[in-house]
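# Understanding the architecture of this molecule
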Amino acid sequence: MKKINPTLRTGLKVLIFSASMLMLIASCSDDDSFWDAMVPETDKEETATQVEGYVFYPAVQAATEANVAQLKVPAGFTISKFAEGVGKPRILVVNSNGNVYTSDREAGVVVMLTDANGDGIAEDKKTVATIKQVHGLTIYNGKMFMVTVREVYEATMNADGTLGQPRMLINDLPDGGQHPNRTIAFGPDKKMYITVGSTCNSCVEPNPELATILRAEEDGSNRKIFAKGLRNTIGFGWHPETTELWGMDHGIDWLGDDEQKEEVNQIKQDAHYGWPFIYGEGKYNPGTRPTGDTTYQQYLQKTSLPSLTYQAHAAPMSMAFYTGSMFPGEYKNDAFVAMRGSWNRSSPVGYRIVRMHFENGKPVRFDDFVTGFIVSNNRAHFGRLVGVAMHKDGSLLFSDDTNGVIYRVAYK
């Protein structure tokens, strides 16, 4: 038998090895376990990764008639300005009389908007509370509950929609850090739920109440951690039929254009949702390692993985289930989510309202509902969206804190 030249033999070995590796990668491309193997389970071996990161803030334009006119909504729907010149409106809530309230964290006020003649435009706006850094709002048992970075207040709602003197219920929530925007709501169990974001992008928090949802009694007493490992869940709510709690959590920054995807989680008592060690569908975060002999796999085993995901860096804010009768019946019990918009990405995503479809009580997909806030060939925007609420008449309201506008979507 003729001998093969040693150089040729070496080349063939390299070629065969390379082909084998390509086949292995291809066979594992849909299996996270291959890529997880690139990050060792403990810090006894080195961890190294390279990620391309971007900062991109689209330029700001005014909410002109021309810009608003090119917003897109599904067939049969209309969109218009419900109110403008409202400062920097954040969270929205509506009382049983149809009064609309919004928080302005920067100004430290809660503003009431009134549409007395029902024409879809607020004729009057009035400051009804002044509380430094007020953000989250909810109405329960005839009272307005308001949350700042560290405090929770309640105020009686008067017949005309104004508020009585706020009374402090809690004054020792954790410091805010990177995510100071607390939100608040009451569940079917008549308990108070408060979201507390992380102080950082990715780290081990010193305070166990950070990166959690807390639960307390109506008066703020008996506060406990309800769920943890939630980096920053601002939008959350209970499905109208199943009463299961759902929330949208912000993904980790600086993992690249398409990581970490935003998460839809079914939030259960005592569950852990992975942050900061596990993200997405069970992936290891190389930026923050488990300490000592604890492994990623050990954290993964106790992590509740998301039920659905959305485009990374879209920044989900408020979420509201639709229970009205104005929209077509197919919208009933679906949720609307405000996607504030990216900054840690090479091109913008988000800047829209999306519809989260539920089937048999579970989220199955997203559809765009309001788009068009990104203009000038993706180089500018005229709205970063925050609050979402259903109006008394069944229309949908959402807020933009860039131009101080609250929009109304109605069905013809």
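Up top is the structure.
Residues numbered from 1 in each chain as written. Predicted model: local features only at pLDDT ≥ 70, side-chain atom pairs only at ≥ 80, totals over all residues. Heavy atoms only, no water.

A few words now on the overall build of the protein. Within the protein, the regular secondary structure consists of four helices and 29 strands. Its C-alpha radius of gyration of 24 Å places the protein within 12% of the 22 Å reference for a compact globule of 412 residues. Expressed as lengths along the three principal axes of its C-alpha atoms, the size of the protein is roughly 100 × 50 × 40 Å. Looking at the protein as a whole, 55% of its 412 residues are labelled buried. Across the protein, contacts joining residues at least 24 apart in sequence account for 56% of those joining residues at least 6 apart. Total accessible area on the protein stands at roughly 18,700 Å², and carbon and sulfur atoms take up 50% of it. When the 41 positive and 48 negative side-chain charges of the protein are each reduced to one mean point, those points stand 3 Å apart. (Helix = DSSP H or I, 4+ residues; strand = E, 2+ residues; numbered from the N terminus. Rg over C-alpha atoms; globule rule 2.2 N^0.38 Å. Buried < 20%, exposed > 50% of the residue type's maximum accessible area, 1.4 Å probe, protein only. Contact = heavy atoms within 4.5 Å. Areas by Shrake-Rupley, 256 points an atom, 1.4 Å probe, with all protein chains shown as cover. Lys, Arg positive; Asp, Glu negative; His and termini not counted. Charge placed at Lys NZ, Arg CZ, Asp CG, Glu CD.)

With that settled, consider the packing of aromatic side chains. In the structure shown here, the tally under the stated rule is 28 aromatic pairs. Look at Phe327 and Tyr331: their rings are 5.8 Å apart centre to centre, the planes differ by 75°, and that puts the pair in the edge-to-face class. The residues Phe327 and Tyr331 share a single accessibility class, namely buried. Put simply, the rings of Phe77, Tyr322, Phe327, Tyr331, Phe336, Phe369 and Tyr411 pair up and form one aromatic cluster. (Phe/Tyr/Trp six-rings, centres within 6.5 Å; stacked < 30°, edge-to-face > 60°.)

Further remarks concern the state of the cysteines. On inspection of all chains with the given rule, the structure shows one disulfide. With a sulfur-sulfur separation of 2.0 Å, Cys200 is cross-linked through a disulfide to Cys203. As the torsion about the S-S bond is roughly -85°, the Cys200-Cys203 disulfide counts as left-handed. Exposure remark for Cys200: the relative accessible area of 12% places this residue in the buried category. (Disulfide = S-S within 2.5 Å.)

Here we take up the nonpolar core. Ranked by internal contacts, the top residues of the largest apolar core, which has 46 residues, are Met146, Ile353, Phe369, Phe398 and Tyr407. With near-sequence residues (within four places) excluded, Phe369 lies in contact with Lys72, Val73, Pro74, Phe77, Phe327, Tyr331, Phe336, Ile353, Val354, Arg355, Leu396 and Val409. Core analysis: the second largest hydrophobic core is formed by 15 residues, Trp246, Val264, Leu308 and Phe366 among them. (Core = buried A, V, L, I, M, F, W, Y, C linked by side-chain atoms within 4.5 Å.)

Taken in spatial order, the four strands make up an open sheet running 3-4-5-6, and their pairing is antiparallel. Taken across any chain shown, the strands that pair with only one partner, and hence form the sheet edges, are strand 3 (92-94) and strand 6 (124-130). Each strand axis lies, on average, 25° off the axis of its neighbour in the sheet, ignoring direction. Here strand 5 (residues 109-114) runs beside strand 6; their pairing, made up of six bridges, is antiparallel. (Pairing = 2+ DSSP bridges. Axes fitted to C-alpha atoms, helices over the stretch in contact; angles between N-to-C directions.)

Turning our eyes to something else, we now look at the environment of Met157. Here Met157 is to be found in the loop between strand 9 (152-156) and strand 10 (167-170). Taking relative accessible area as the criterion, Met157 reaches 15% and is therefore assigned buried. Considering only alpha carbons, one finds Met157 and Ile139, 18 residues apart in sequence, at a separation of 8.9 Å. Dropping the residues within four chain positions of it, Met157 is found in contact with Asn95, Tyr101, Ile139, Gly142, Lys143, Met144, Thr162 and Leu163.

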